[in-house]
Amino acid sequence: LSEDWSGARGLAEDVRRYGAWMRDEAEKRIGHLYPKIEVTTDMATERPDLKPLVGQKLTVIAWLWARTVKSPNPAFSHAEVPLASTFVLSSKAGKEAYVEPVIEGKSYRFEVRVGKPGPSLDGTVNRRGGICLLSKSPMPFPYIREQGKAGRMGVRLMAIVAEGERGRIYLSPTEEMTEVARLAKPTWKPDGEMPKKHRNFQPPVYGMNNLGDIFTDRQLVALATLSDVVAEARTKIAKDAADAGTLEGADRPLRDGGNGARAYAEAVSVYLAFAIDKMANYGSTLCAWATPTQKLISTFGRQALPMVWDFTEANPFSNSSGNFLLGIDQAARCLDAAPALLEGKAYQADAARFESEQKEIISTDPPYYDNICYADLSDFFYVWLRRSLQSVYPELFGTLLVPKAEELVASPYRHGSKDRAEQFFLDGMTNAIHAMAARTHAGVPITIYYAFKQAEDDASGTSSTGWETFLDAVIRAGCAISGTWPMRTEYTG
């Protein structure tokens, strides 16, 4: 029986197979940090829905945690009270579930209930601030920020989500599960400061200044372990390819145009590393839980690092959202669809200085004034790629963090003032577009996609500083604007 390995299908299949090998290797080493949970008779005492499951060991999909701070009320200052935006676990019709905080004197515990919660069961934090679960004392955001910056923000397990035969099973937290999480002892974590004064970075406002601060210890252990296994997979792939004898060519690395066993192993490992980045997106403490769909929400719902009060810690060895093999499958499916007919090239270069030997057709999506600082956001993914792929692309991963000084965005925190930031953007964009105009093909116009949100209203009407500054740069660069059109390019959701 012959199989079709045309295009990049063979590469895709190897990504799947070595990805599965990586997952198994990592589980051998750290699987004890992700134990199954046994449904006991005590659990089923007040939960008739659990009685058929007594004695079964269920795979945990996720652990739901709430951040905590010390109560501001002196009578309860010993207690670490939860900051939970909601106690609802599932709002799906017919499968409702919620966490009930049971107050016992000057302490509390969490119990998971099935059914619709009462109308008085609200979270303990919203856009206006927080409230102490025990004393009902208000906890304004300045107090919460102060607690965070003083290192007094903790976490407490609220609920456990397990996989059942007919959907999610929500279970009350156990001391055993809390203790297992404490067993994780990371030997490495990312070391990169996040911007402290930028609207797209909220964790530093609460004392989490470093990228390593937005992961649990168990998440750090899992991501670092899988990153290290990439190197082992690369060695294994190279040996398997050499033993197969189907690849010819010198033992040149991929970055130098190699096409032998070593280069092939490095190529496969690039896609394996992508899967780790995907897992990181679903493996930080900035991941929430979607109550209507009962799924984990990734870190980057938008181009920002928000603050998430009650967060979800996924099991990378489960079959649900946040597991490692989801990233492997995405990488492989992309390769399945790749025609692999022509050679493509990518360069890391400054658009204002990049030179080409031939005239080009240019279609570009440049930075958007001050909307998003992609270099700072990219650190989140870069640190894990660097750990996995530095030996494959030493030039690309030569710096500890993403270079930022030349990024063409109007960021006052980098340039000292709004005016200087705007001038930097205008000069840089003018130079970049001038360089494009000099090398573009005469028969084809340059197409530029530019998003802007900021609008200002005055007596003359509505304007956008970012849009006008960008158009000014285009004209100053020597281009003529043929026309502008609105485009819808995002998910409808």
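Residues numbered from 1 in each chain as written. Predicted model: local features only at pLDDT ≥ 70, side-chain atom pairs only at ≥ 80, totals over all residues. Heavy atoms only, no water.

Chemist: Which parts of the structure should I look at to understand the pattern of salt bridges?
Modeler: Where charged atoms from two side chains of opposite charge approach closely, those side chains can pair. Applying the stated rule across the entire model yields 31 salt bridges. The partner of Arg 29 in a salt bridge is Glu 232, with the nearest N and O atoms 2.6 Å apart. Placement of the pair is Arg 29 in helix α1 (residues 9-30) and Glu 232 in helix α5 (residues 217-244), with a sequence separation of 203 residues. On the basis of relative accessibility, which here comes to 33%, the residue Glu 232 falls in the partly exposed class. Notably, a salt bridge pairs Glu 179 with Arg 182, separated by 2.4 Å at the nearest N-O pair. Linking Glu 179 with Arg 182, this pair stays in helix α4 (residues 175-183), spanning 3 residues, or about one helical turn. When its relative accessible area of 37% is taken as the criterion, Glu 179 is described as partly exposed. (Salt bridge = Lys/Arg side-chain N within 4 Å of Asp/Glu carboxyl O. Helix = DSSP H or I, 4+ residues; strand = E, 2+ residues; numbered from the N terminus. Buried < 20%, exposed > 50% of the residue type's maximum accessible area, 1.4 Å probe, protein only.)

Chemist: Any chance you could explain the sheet that holds strand β6 (residues 97-104) here in plain terms?
Modeler: The pairing of strands in a sheet comes from backbone hydrogen bonds and takes either a parallel or an antiparallel form. Here we have 3 strands laid out as an open sheet, ordered β5-β6-β7, and antiparallel in their pairing. In this open sheet, the two edge strands, each paired with only one partner strand, are β5 (88-90) and β7 (107-114). Across the sheet, the mean angle separating the axes of adjacent strands is 30° when strand polarity is ignored. Alignment of β6 against β7, held across 8 bridges, turns out to be antiparallel. Within β7, the residue paired with Glu 100 across the bridge is Glu 111. (Pairing = 2+ DSSP bridges. Axes fitted to C-alpha atoms, helices over the stretch in contact; angles between N-to-C directions.)

Chemist: What is the right way to look at the packing of aromatic side chains in this model?
Modeler: Between two aromatic rings, the relevant description is the distance of the centres plus the angle of the planes. The full count for this structure, using the stated rule, is 15 aromatic pairs. Aromatic side chains Phe 300 and Phe 380 sit 5.1 Å apart centroid to centroid with 80° between the ring planes, which places their arrangement in the edge-to-face category. Of the two residues, Phe 300 sits in the loop between β14 (295-297) and β15 (310-314) while Phe 380 sits in helix α8 (residues 374-389), which places them 80 residues apart along the sequence. A single burial state applies to Phe 300 and to Phe 380, both of which are buried. Members of the aromatic cluster, joined through ring pairs, are Trp 188, Phe 215, Phe 300, Phe 380, Phe 381 and Trp 384. Stacked on the ring of Tyr 108, the Lys or Arg Arg 156 has its end atom at 4.1 Å from the ring centre. For the cation-ring pair, Arg 218 lies above Trp 63, with the distance from its terminal atom to the ring centre recorded as 4.0 Å. (Phe/Tyr/Trp six-rings, centres within 6.5 Å; stacked < 30°, edge-to-face > 60°. Lys NZ or Arg CZ within 6 Å of the ring centre and 35° of its normal.)

Chemist: Any chance you could explain the nonpolar core here in plain terms?
Modeler: Soluble globular proteins: nonpolar side chains tend toward being buried together. Met 22, Ile 214, Leu 272 and Leu 305 are the most contacted members of the largest nonpolar core, which has 99 residues in total. A total of 10 residues in this core trace back to one element, the largest contributor, which is α5. Excluding its chain neighbours within four sequence positions, the residues that come into contact with Met 22 are Leu 226, Val 229, Val 230, Ala 233, Leu 272, Ile 276 and Phe 324. Among the nonpolar cores identified, the runner-up in size contains 14 residues, and Leu 408, Leu 426, Met 429 and Ala 473 belong to it. (Core = buried A, V, L, I, M, F, W, Y, C linked by side-chain atoms within 4.5 Å. Contact = heavy atoms within 4.5 Å.)

Chemist: What is the right way to read the environment of Arg 255 from this model?
Modeler: Among the secondary structure elements, Arg 255 is positioned in the loop between α5 and α6 (261-281). Put simply, Arg 255 and Tyr 393 are 138 residues apart on the chain and 6.5 Å apart in space, counted from C-alpha to C-alpha. Setting aside residues up to four positions removed in sequence, Arg 255 forms contacts with Arg 262, Ser 391, Val 392, Tyr 393, Pro 394 and Glu 395. Looking at Arg 255, its side chain comes within polar contact range of the main-chain oxygen of Ser 391, at 3.3 Å. (Polar contact = N/O pair within 3.5 Å; in protein donor to acceptor, adjacent residues only side chain to side chain.)

Chemist: How do you make sense of helix α3 (residues 141-149) when you look at a structure like this?
Modeler: Within an α-helix, residues lying three or four positions from one another point in the same direction, as the helix has 3.6 residues per turn. Every buried residue of α3 is listed here: Phe 141, Tyr 143, Ile 144, Gln 147 and Gly 148. An end-on view of α3 places all buried positions within 160° of arc, on one side of the element. Among the exposed residues of α3, those pointing more than 90 degrees away from its buried face are Pro 142 and Lys 149. The inward-facing, buried residues of α3 contact β3 (60-70), β4 (80-83), β8 (125-126), β9 (129-131) and β10 (138-139). Positive phi shows up at Gly 151, right after α3, with a value of about 75°. (Arc of directions from axis to C-beta.)

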